[in-house]
Amino acid sequence: MRSVVLFGSFYALLALPHALAVKSQDFKTCSQSGFCRRGRALAARAQEAQSSWKSPYTVDPSSIVISSDDSTVKAAVKSSLYPEIKFGLELRIHDDGVVRVLLDEVDGLKKRYDEAASWALVSEPKLSKGIRWAAGKKELRAVFGEKNDIEVAVDYDPLRVRLRRGGEDQIVLNGRGLLHMEHFRSQTLKETIEEVASDENAEGQEVLQVENVRAWFEGDSEDAYWEEKFSSWTDSKPKGPESLSLDITFPNHGTVYGIPQHATNLSLPSTTGDSPSYTDPFRLYNADVFEYLASSPMSLYGSIPVMHAHSADTTVGLFNAVGSETWIDISYPTKKSTHTHWISESGIMDVFLLPGPTPEEVFAQYARLTGTTALPAHWSLGYHQCRWNYVSSDDVRTVQRRFDEEDMPVDVFWLDIEYAQDHKYFIWDHKTFPDPVEMTNDVAAAGRKMVVIVDPHLKRTSDYPVYQEASDLDILVKPKSGEGEYEGWCWTGSSSWIDHFNPASWDWWISKFKTTQNDTGFSWTESTEDIHIWNDMNEPSIFNGPEITMPKDSIHHGGWEHRDVHNINGMLFHNNTAQAVRLRSDIPKRPFVLTRSFFAGSQRVGAMWTGDNLGTWDHMAVGVKMVLANGIAGMAFAGSDVGGFFGNPEPEMLVRWYQVGIFSPFFRAHAHIDTKRREPFLLDEPYKSIVRDILRLRYAMLPIWYTAFRENSVTGMPIVRPHYVVFPQDTAGFAIDDQFFVGSSGILVKPVTEKDKTEATVYIAEDQVYYDYFTQYAYRGSSKGKHITVAAELHQVPVFIRGGSIIPTRERPRRSSPLMKLDPFTLRVALSKTGTARGDLYLDDGITYSHQQGEFVWREFVAEQSQKKTTRISSRDLASHNPGKAVDGIALTTFDPKNAFAKEIEEVRVEKIVVLGLNSKPRSVNVEGGAELKWEFVPGVAASDKKEGVSSVLIIKDPKVLITTDWAIVIS
């Protein structure tokens, strides 16, 4: 064990993050980052040179080697700047049309980091076997795709890679000549040049001018090559310059999305060009940004280097597999084209080009690379109640009792860092939490769970067994010397960090979460399987570190510097924690582990939230945009803290924020330790009753959300879908990010995120009827797009059902979601203009992985005009017809509709069917082949009408049809 030193400034350091508001000076701008400065200067020189600019990188045609199965091609690349330096280019074409482009230095002085993709990818992609490469005098090309309409071309001089469809460029790499891979070099080269130049101050000596023949491209100075200072910190840069600059152009796409996490618009604003929206590039560098701005390109807690480029004709995407700090400039030279410039501090070039051509196909292509959101535990879609901090076991019990007294549903209570003695995670403070297991069991008695925080920093003290074991095993991150343990400061004071890149840490970390005693060390015996985990501060956040994080020259397993893996770091901690929770029981159960830091692939592990937001209207609004952007990049299980982490929101704001929260995939209220208590049961009337109704609406809609999660887990389609995903050809909707659809359900939501609003404007893109969810008022859209104005008083949230949808809900109020397992369903049938509708419902036990063995129910509901003036509503099993598409990662060959889970809920029925938009009052309503049913009809506007107004409503009372069986109801 290493010695532990405690400093007198301990408490001052602990207070630092929450004593200060956002301070931009704590974080670098591009001008303060050496490699970003160099990359932007390179772009400026190219812009000034205009047509005379030419990339120095070329392909040697004689070096081209095509694999025996034609799936891969390799070639040597040279730079005219450094003819002696060798680079290797490789292109791989996957069986779904994705093109992977790699460039690395060959036989360099050192090795560039090349493992980012291996952490992000769910498996090694399958390569296509049907490619035919043709090597010409000027270019290398291959044509592929089902219609042979996709082409990848590699120009030799200069090097340029183009992905084309139908003869038009879709994505171009190095089209503007900004590619620059800074090769490894010896510092003595710089020193030699300096020695050759005479001292200008020496009398009588001639000043020798040394011409820099590379200045036209690299500039005339070695800007921060070997050392870099920021504030009081110095980055030693032992490997010297190794950045990668790459321009990626979308010549026929004028809108781009993605690259979360940033607090900004869904449609990404410009950072360069004429009148840019921001003056700094978008930054990807996971950071603990305290009270972040509501509109900024600053980096936040997570980084996913994924971008979609969209037009009315096609959608394409790219995944840039790089784990180091990256800056991205965006400009729009025309309304129909986009220029981007990616500047990364280290790593190889490893870019995946996603050919689309639709949003659905881009999502599927990315999902096949990095996986989809793991199907979560059903209870985790309920309401989560959190604050920093519930102060004792009795406090938790009191909060639970108050929720029950006020008939407010809740599924999860959370504990922040104060539960742990001296912030030694896993170790309960028995002065305030004397009975953690009994407390958890009391919560679980109502079907609820606990979530407890476990941060990555370990208190450096010998009486903390988790730290002591990690130190003895030598699995902690090392300082720049590569010896000993890196020491920084966080909530625990003097701290060290587990190196989760070290395989020796994995099983050890998993063992800490066992609820029974380990033979080999500490395990969390004061825990139960009803406790799940919150991973915070895993960027990592280090109070006395540069930019409040780990120094870049710290050393990880394999000798890699922290600069190489920074953005990946938090994902590994999250992943290993989730594995620990999953494997702590004999029968693996789905873990819930929330993370603040994330990377490409984190969606396979669990949920994220948007971090330490403020209780302001601006932060409420941008939270919606951030959740949508995370969904675009695959991180679909996302949400922002209801009420804002900081501040004391007024009742109106809090009500509106709950309305936002119930339509977020992850739904949690959270608050800072210095805020007033704001649990919903503390609100005065009418606010308390409004929030109660809001919570009940979330629980009624849980079948919709769980079904959307199943679809996402199989297809990668976002759970909350922005307008362009649903209507990709509607140019008027490309920038819409304040309304969205919930999965494929047909639910359209427009949250109110402004003060004192009593109306809302909603955009309808199509010539279709949309029904107000609450009043059944039928609105009409237009094929050219149409804005409608709807009532939005404080108790109202604009929610609509798209004509042609069938919505399954459970309407009986319960204290928690597990208590709803055997509750009956209500079906809302919202007829389209043509009198049809469709919807689906997915159910399983919501806890285990038995669904992967075929234990689930997946039903389709259809309303159709079986004959003139007759509507037939039916239910059929979907899994039997689509066994291979039912469950993520499991290609079921057969399906038994009478599986064990189906038998558990075989008595669950449909208790009510509501049909909206019938043309006229029925003559009869009956189960096909059965007796007449009880029903009521209220006349109103028909779906096929052209006018607006309250729709006709048919209510079929308790048809006694079962949710697990086939049936049909005929409305004549």
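Quick caveat, the model's predicted, so the values are computed rather than measured. (Residues numbered from 1 in each chain as written. Predicted model: local features only at pLDDT ≥ 70, side-chain atom pairs only at ≥ 80, totals over all residues. Heavy atoms only, no water.)

Draft legend 1. Quick look at the packing of aromatic side chains. Overall, the coordinates contain 51 aromatic pairs when judged by the stated rule. Summarising the aromatic geometry, the rings of Phe 319 and Tyr 366 are spaced 5.8 Å apart at their centres and angled 75° between planes, so their arrangement reads as edge-to-face. A residue pair is termed long-range when its members are at least 10 positions apart, and Phe 319 in strand S18 (residues 315-320) and Tyr 366 in helix H6 (residues 359-370) qualify at 47 residues. Judged by its relative accessible area of 3%, Tyr 366 is buried. With a centroid separation of 5.1 Å and an interplanar angle of 75°, the aromatic rings of Phe 426 and Phe 513 are classed as edge-to-face. (Phe/Tyr/Trp six-rings, centres within 6.5 Å; stacked < 30°, edge-to-face > 60°. Helix = DSSP H or I, 4+ residues; strand = E, 2+ residues; numbered from the N terminus. Buried < 20%, exposed > 50% of the residue type's maximum accessible area, 1.4 Å probe, protein only.)

Draft legend 2. Up close: the pattern of salt bridges. Scanning the model with the defined rule gives 79 salt bridges in all. In this structure, the salt-bridge partner of Arg 37 is Asp 223, at a minimum N-O distance of 2.7 Å. With Arg 37 in helix H2 (residues 34-49) and Asp 223 in the loop between helix H5 (215-218) and strand S12 (228-230), this pair connects stretches of sequence that are 186 residues apart. On the basis of relative accessible area, Arg 37 is assigned to the partly exposed category, the value being 27%. Note on Asp 223: relative accessible area 23%, which makes it partly exposed. Where Glu 182 meets Arg 38, a salt bridge forms, and the shortest distance between an N and an O atom there is 2.8 Å. In this pair, Glu 182 is assigned in the loop between strand S11 (180-181) and helix H4 (187-196) and Arg 38 in helix H2, connecting sequence segments 144 residues apart. We classify Glu 182 as buried; its relative accessible area is 3%. Taken together, the shared-partner salt bridges connect Asp 235, Lys 239, Glu 242, Arg 283, Glu 325, Glu 345, Glu 547, Lys 552, Glu 561, Arg 563 and Asp 564 into one network. (Salt bridge = Lys/Arg side-chain N within 4 Å of Asp/Glu carboxyl O.)

Draft legend 3. Focus on the sheet that holds strand S25 (residues 457-459). Taken together, the 3 strands give an open sheet; going across it, the order is S25-S27-S26, and neighbouring strands pair in antiparallel fashion. Strand pairing shows two members of the sheet lacking a second neighbour, S25 and strand S26 (488-490), which therefore form its edges. Pairs of neighbouring strands in the sheet enclose a mean axial angle of 60°, with direction left out of account. In the sheet, S25 pairs with strand S27 (residues 493-497) via 3 bridges, with the strands oriented antiparallel. Opposite Lys 459, over in S27, you have Ser 495 as the bridge partner. (Pairing = 2+ DSSP bridges. Axes fitted to C-alpha atoms, helices over the stretch in contact; angles between N-to-C directions.)

Draft legend 4. How the structure looks around the nonpolar core. Among the nonpolar cores identified, the biggest contains 217 residues, and Tyr 419, Phe 663 and Ile 747 are the most heavily contacted of them. Two domains each donate at least three residues to this core, and these are domain 1 (46-181 + 243-370) and domain 2 (724-971). Excluding its chain neighbours within four sequence positions, the residues that come into contact with Tyr 419 are Asn 389, Tyr 425, Phe 426, Ile 427, Trp 428, Asp 429, Phe 433, Val 452, Ile 453, Val 454 and Trp 524. One finds Leu 81, Leu 91, Leu 178 and Leu 268 within the second-largest nonpolar core, a separate group that totals 57 residues. (Core = buried A, V, L, I, M, F, W, Y, C linked by side-chain atoms within 4.5 Å. Domains from an automatic or database assignment. Contact = heavy atoms within 4.5 Å.)

Draft legend 5. Molecular detail of the state of the cysteines. With the rule as written, the count across this model stands at 1 disulfide. A disulfide bridge connects Cys 30 with Cys 36, and the sulfur atoms are separated by 2.0 Å. Taking the sign of the torsion about the S-S bond as the criterion, the disulfide between Cys 30 and Cys 36, at about -100°, is left-handed. Like Cys 30, the residue Cys 36 is buried in the burial classification. Looking at Cys 386, it has no disulfide partner, and the nearest cysteine sulfur is the one in Cys 490, 17 Å off. (Disulfide = S-S within 2.5 Å.)

Draft legend 6. Representation of the UniProt feature "domain: Glycosyl hydrolase family 31 C-terminal" (unreviewed entry) in the chain in the model. Cross-referencing UniProt, the feature "domain: Glycosyl hydrolase family 31 C-terminal" (unreviewed entry) maps to residues 716-807 in the present numbering. Helix makes up 4% of residues 716-807 and strand makes up 38%, while its end C-alpha atoms are separated by 21 Å. (UniProt positions renumbered as here; feature names shortened; annotations may be inferred.)

Draft legend 7. A look at helix H11 (residues 562-583). For H11, built from 22 residues, the straight-helix expectation of 32 Å at 1.5 Å per residue is met to within 8% by its first-to-last C-alpha distance of 29 Å. If you look at H11, its biggest bend is around 55°, right at Ile 568. Counting buried positions along H11 gives 18 out of 22 residues, so the element sits mostly inside the fold. (Expected span 1.5 Å × (residues − 1). Bend = angle between axes of the 7 residues up to and from the residue.)

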